[in-house]
Amino acid sequence: QVFPDNPRVWYYRYEHMLHKNNPVMAWAEATYGLKYLPEDCQLWFGLACASFELGDMNAAEEFLKTSERFKILTERKNMQGLIVELRGRIKLSLQRKWRR
């Protein structure tokens, strides 16, 4: 936390935790990063991914909406593809849940 306003640190931390199958810590790392960078698209996306892994589809969808709102012009196409993919996974998960 020497450089708390450096977004790369927080991206790596939440991604690392997701890859270690620890969505609770990934969620925590993304929220710590958002404390310093509240308008960061990728950190909101990380929060959506962690919420998805925790099974909270409503939170994942809301965090995705916030992520879309904070997209920067240079990364719009890349992030939009990721957002659409996660939104599709959320819808599929909800469809499976309600079929039972």
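Definitions and limits used
Residues numbered from 1 in each chain as written. Predicted model: local features only at pLDDT ≥ 70, side-chain atom pairs only at ≥ 80, totals over all residues. Heavy atoms only, no water. Helix = DSSP H or I, 4+ residues; strand = E, 2+ residues; numbered from the N terminus. Buried < 20%, exposed > 50% of the residue type's maximum accessible area, 1.4 Å probe, protein only. Polar contact = N/O pair within 3.5 Å; in protein donor to acceptor, adjacent residues only side chain to side chain. Contact = heavy atoms within 4.5 Å. Expected span 1.5 Å × (residues − 1).

Caption draft 1: Quick peek at the side chain of Glu29. Following the sequence through the fold, Glu29 ends up in helix 2 (residues 23–36). Owing to a relative accessible area of 4%, Glu29 belongs among the buried residues under this scheme. In terms of polar contacts, Glu29 uses its side chain to reach the side chain of Arg13, at 3.0 Å. The residues contacting Glu29, other than those within four sequence positions of it, are Trp10, Arg13, Tyr14 and Met17.

Caption draft 2: Seen up close, helix 2. The end-to-end C-alpha distance of helix 2, which contains 14 residues, comes to 20 Å, matching closely the 20 Å that a straight helix rising 1.5 Å per residue would cover. For helix 2, the secondary structure elements touched by its buried residues are helix 1 (7–19) and helix 3 (41–54).

Caption draft 3: Quick peek at the side chain of Ser51. Here Ser51 shows up in helix 3. Apart from residues no more than four positions distant in its own chain, Ser51 is found in contact with Trp27, Asp56, Ala59, Ala60 and Phe63.

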